[in-house]
Amino acid sequence: MATCRNTTIAPNTPILIVDDDAAHAESTRALLEAHNHVARIETNPRKALDWLGDNEVAVLLLDLNMPEMTGVEVLEALVQQGASMKTIVVSGEQEVETVSPLLRLGAYDFMAKPYDPARLVRSVTHAIGEWHLQQENARIQSRERKTDELNRFLLDAFPDLLYVLDDRGKFTFINRRLDHLFPALREEMIGEDWRALFGARSHLAEQLNHRMNERRTGLRATRSLEFDLTADSGEQATLECTARGLYQEATEDEGRRYVGTYGVLQDVTESRRTRRALVQSQRKFHGLFMESPDGVFISALDSGAVLEGNDIFNQLKLQFGASADATDGWLWPSDASRSEFVTALRRAPEHLSLSVSRHLAGEERYLEINARLLELENMPCMLGTVRDRTRERYAELQQRELQSQLLQAGKMEALGQLAGGVAHDFNNILASIIGYAELVLTARSKIPDKDVDTYLREVVSAGQRARDLISQMLTFTRANRGEPQPMDLARVFEDVASMLRAAIPSTIEIAQNFDADLPEVRIDPVQFQQVVMNLMINARDAIDGTGLIALSASVEGASEPCAICHERLTGRHVALRIRDTGCGIPDKVLPHIFDMYYSTREPGEGTGIGLWLANDVVHSYGGHITVETSERGTEFTVHLPLKTSRASASDSVPARRNGDSVHGRIVVVDDEVSVSSFLGEILRHAGFETMVFNESPKAMDYLVTHLDEVAVLITDQAMPMLSGLDLAQFVKGRRPDLPVVLITGFTHAHDTNRMEEIGVDHFLAKPFGIDALLDVIQGATNRSPAQEAAP
């Protein structure tokens, strides 16, 4: 069969005439065209071969004897090219020796000149028909060959081993999958008995007899028979055999005859491992689900219908008064809270946690719910756990209370360190006040007015110092933890250093160096004061004799690893350093300095909680502490994260006003005569009509009958019989619009809460200045300010 060449059939020229006699060629073409054939003429055989290299014709009329190239040579060249046309040779020679080589080279016909035109036409017509038949057969064979190649490719690419046995049990076909399952070669197994596939594993051949060579068909045939195969390498595999008999259809002369077996061997090792793993996983999940110490449940996400719940979940459900068939809604305080939880779970399907509190039999119960989305049979569900955290919650509250007590104990320890220095400072302040006051009283007539003014300013200055000192002490000893707020750390350092100055020997210098425009951090100021105070007291105790305590603050990048948790701050943060020139911390002591109750002081000289509290406070605000120590001293660095933005607000003081714009009297109530008299004088001097009472019951009697005439009530808080808050509650109950100003030396947290409940408008902490008092009066009346009347 001719090979396929990349040629095209010349349009309308299915016949090529090659003859060096042009006249003869033209007459031949005229003859053929008269019988509806189209022919092309080439007088040069070499050009004819070149043209045939790119084109294809049905019939070639070839002259045998040509000067350029003989007909035999042309035929030989066409054979080498694989030409498929039918060749009719025309020649004047008739000898057998001439004709035989032509036929061997594939010539279709031979005609001797002169030939019968009718015979030539018949021969050409027959040749064209056979050529078309030959082309159609070639196309059919090509399609069959391609189909066969495709089928073999598909069979070889099939992931399972496919085989066919003849009626004697010998292989007639095996696909390439054999190479992956058995060491035998496919070519070697063709014609071999199927038992040879298993070699020395005779037990497998016995097990699979009448299975791999199955004769049955239909439902009785072998299906999914599993067996284990151990490879020469020792690797274990699980195979599955499916086979059926092949039969030749029955004929009139013979019934249906068995001709062989078709079978499939499938490697199911991984699927069986997966199935076993899935079964084990299901058992583990069921065990974890049912035996979990937490309540575990699966519920429909939308309706809340409980699809599955373990015993703990069902017990909790009954404890909370829910019926056995209740939805999961009992977990949440309300339907709205469950709806919010479901909405959040859709946004975070992998995990969502929520803590809720519920009342049960007069007790507050705390539940922790963890859930994730789960889809079961195309229905969105919630896989959740619920844990009763009531005991843990109460334990946490007790731990917080204990920490608060420890914090207060640390404050008291630090306060004991300060007591002597504070008393010394306060005595100096009193000496200044008493001295200047007595000087004015005893020698007023001899002292010029300008000196009297100077002495009185010194008295005021000393009083303000005493006020600041007391304010710092009261703030520091406050038992409750305040809310974090933006803090000016440099100012806190300066305040603590000033407060500790009297408690630190004069031989120890305190140096301060803070970056300009230092950013603020969010922290409770009282707790931060205690951190700084504890570190400064430790620095003081580490110095024997002359030394230096250096305080500094700056903004830095990544920190060194924390001395306690070994984590570090990676971004920009504030670094606060307290360095001393003491003896350093011994290596054996350093690992324990942040342990609770660890102290190197003598018994009775310290509680050992100072550094523990400092560590607890700093870490509660996301900070870290690093320590560097040597024989030349120790440096503690507190690393605190920056707040998101620096507060920028200008302090604006409202303008002072006089009493002309206030309609009514200002009532002042204070059991301390000197204070009430002082307040009355200030207000009268400013032009306000003022009533002063030193006993709260008398003030109450006046308010009962003259409440409509009162513009502002100014009352002290701590008074016998009736407190300031009692008076405020009385007047607010009758005149909610009456401004009330509460003054006191110290206010507890519960007083502050009651102030908010009653509606106290303003609060003044003693001691306060004249400007502060008049500004509060202006704010209380809330009218447009007026200029103070000239004295």
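Shown above is the structure to which this text applies.
Predicted model only: the values in this text are computed from it and were never measured.

On to the pairing of strand 5 (residues 59-63). Strand 5 sits mainly inside the fold: five of its five residues count as buried. Burial along strand 5 is two-sided: the face carrying Val59, Leu61 and Asp63 and the face carrying Leu60 and Leu62 are both buried. As paired strands, strand 2 (residues 15-18) and strand 5 are joined by four bridges and run parallel to one another. If you follow isoleucine 17 over to strand 5, its bridge partner there is leucine 61. One ladder, built from five bridges, connects strand 5 with strand 6 (residues 86-91); its direction is parallel. Among the inter-strand pairings, leucine 60 is bridged to a residue of strand 6, identified as threonine 87. The β-α-β motif built from strand 5, the intervening helix 3 (residues 71-81) and the parallel element strand 6 has right-handed crossover chirality.

Another aspect to go through is the packing of helix 17 (residues 673-685) against helix 21 (residues 770-781). Any two packed helices are characterised by the angle at which their axes cross and by the distance between the axes. Look at helix 17 against helix 21: their axes get within 11 Å of each other, and the N-to-C directions meet at 65 degrees. Classified by the interaxial angle, the pair formed by helix 17 and helix 21 is roughly perpendicular. The chirality of how helix 17 crosses helix 21 is right-handed. Residues Leu679, Ile682 and Leu683 of helix 17 form the contact with helix 21, whose own contacting residues are Ile770, Leu773, Leu774 and Ile777.

The next subject is helix 15 (residues 525-542). The periodicity of an α-helix, 3.6 residues per turn, causes residues three or four places apart in sequence to face the same way. Between the first and last C-alpha of helix 15 there are 26 Å, a value that for 18 residues agrees with the 26 Å anticipated at 1.5 Å per step. Burial of helix 15 is extensive: 15 of the 18 residues sit out of reach of the surface.

Turning our eyes to something else, we now look at the sheet that holds strand 12 (residues 257-267). The strands making up a sheet are joined through hydrogen bonds of the backbone, oriented either antiparallel or parallel. Across the sheet, which stays open at both edges, the five strands sit in the order 9-8-12-11-10 with antiparallel pairing between neighbours. Each end of this open sheet is capped by a strand with a single partner; those strands are strand 9 (171-174) and strand 10 (225-230). The mean angle between the axes of side-by-side strands here comes to 25 degrees, regardless of whether they run parallel or antiparallel. As judged from the six bridges shared by strand 8 (residues 161-166) and strand 12, these two strands associate in the antiparallel manner. Within strand 12, the position partnered with leucine 165 by the bridge is threonine 261. Lying over the sheet, helix 9 (residues 269-291) contacts strand 10, strand 11 (236-248) and strand 12, oriented at roughly 125 degrees with respect to strand 11.

We now examine the environment of proline 114. Note that proline 114 resides in the loop between strand 7 (109-112) and helix 5 (117-157). Along the sequence, proline 114 and serine 91 sit 23 residues apart, while their C-alpha atoms lie 8.5 Å from each other.

Let us now look at the packing of aromatic side chains. A full pass over the atoms with the stated rule returns 12 aromatic pairs. Aromatic pair phenylalanine 198 and phenylalanine 227: ring centres 6.3 Å apart, planes at 75 degrees, arrangement edge-to-face. Of this pair, phenylalanine 198 sits in the loop between helix 7 (186-189) and helix 8 (202-208) while phenylalanine 227 sits in strand 10; the two residues are 29 residues apart in sequence, bridging distant segments of the chain. Between phenylalanine 594 and phenylalanine 636 the ring centres are 6.4 Å apart and the planes differ by 80 degrees, which places this aromatic pair in the edge-to-face class. With phenylalanine 594 in the loop between strand 22 (573-580) and helix 16 (610-620) and phenylalanine 636 in strand 24 (residues 633-641), the pair connects residues that are 42 residues apart, well separated along the chain. Here a set of aromatic residues connected by ring pairs shows up, and it is made of Phe182, Trp194, Phe198 and Phe227. Residue placement shows arginine 256 over the ring face of tyrosine 247; its charged tip is 4.0 Å from the ring centre. Looking at arginine 338, its charged tip hangs above the ring of tryptophan 332, at a distance of 5.6 Å from the centre.

Moving on, we come to the nonpolar core. Within the largest apolar cluster, 44 residues are counted, with the highest numbers of intra-cluster contacts made by Met536, Leu551, Leu576 and Ile578. At eight residues, the largest contribution of residues to this core is made by helix 15. Leu16, Met66, Val99 and Phe110 belong to the second-largest nonpolar core, a separate cluster that totals 23 residues.

With that settled, the discussion passes to the pattern of salt bridges. Within this structure, the stated rule accounts for 30 salt bridges. Glutamate 68 is the salt-bridge partner of arginine 46, the closest N and O atoms lying 3.9 Å from each other. Here arginine 46 is found in helix 2 (residues 45-54), whereas its partner glutamate 68 is found in the loop between strand 5 and helix 3, with 22 residues between them in sequence. A relative accessible area of 46% places glutamate 68 in the partly exposed class. The residue arginine 577 makes a salt bridge to glutamate 635 at a minimum N-O spacing of 3.5 Å. Of the two residues, arginine 577 sits in strand 22 while glutamate 635 sits in strand 24, which places them 58 residues apart along the sequence. The pair arginine 577 / glutamate 635 is uniform in exposure class, with both members buried.

Our focus in this paragraph is the environment of histidine 619. Mapping histidine 619 onto the fold places it in helix 16. Owing to a relative accessible area of 26%, histidine 619 belongs among the partly exposed residues under this scheme. The sequence separation of histidine 619 and histidine 639 amounts to 20 residues, and the corresponding C-alpha distance is 9.5 Å. Histidine 619 has contacts with Cys562, Ile564, Cys565 and His624, leaving out every residue within four places of it along the chain.

How each quantity is defined
Residues numbered from 1 in each chain as written. Predicted model: local features only at pLDDT ≥ 70, side-chain atom pairs only at ≥ 80, totals over all residues. Heavy atoms only, no water. Buried < 20%, exposed > 50% of the residue type's maximum accessible area, 1.4 Å probe, protein only. Helix = DSSP H or I, 4+ residues; strand = E, 2+ residues; numbered from the N terminus. Pairing = 2+ DSSP bridges. Right-handed = clockwise from strand over helix to strand, strands pointing away. Axes fitted to C-alpha atoms, helices over the stretch in contact; angles between N-to-C directions. Parallel < 35°, antiparallel > 145°, perpendicular 65-115°, else oblique. Left-handed = near helix turned anticlockwise from the far one by under 90°. Contact = heavy atoms within 4.5 Å. Expected span 1.5 Å × (residues − 1). Phe/Tyr/Trp six-rings, centres within 6.5 Å; stacked < 30°, edge-to-face > 60°. Lys NZ or Arg CZ within 6 Å of the ring centre and 35° of its normal. Core = buried A, V, L, I, M, F, W, Y, C linked by side-chain atoms within 4.5 Å. Salt bridge = Lys/Arg side-chain N within 4 Å of Asp/Glu carboxyl O.

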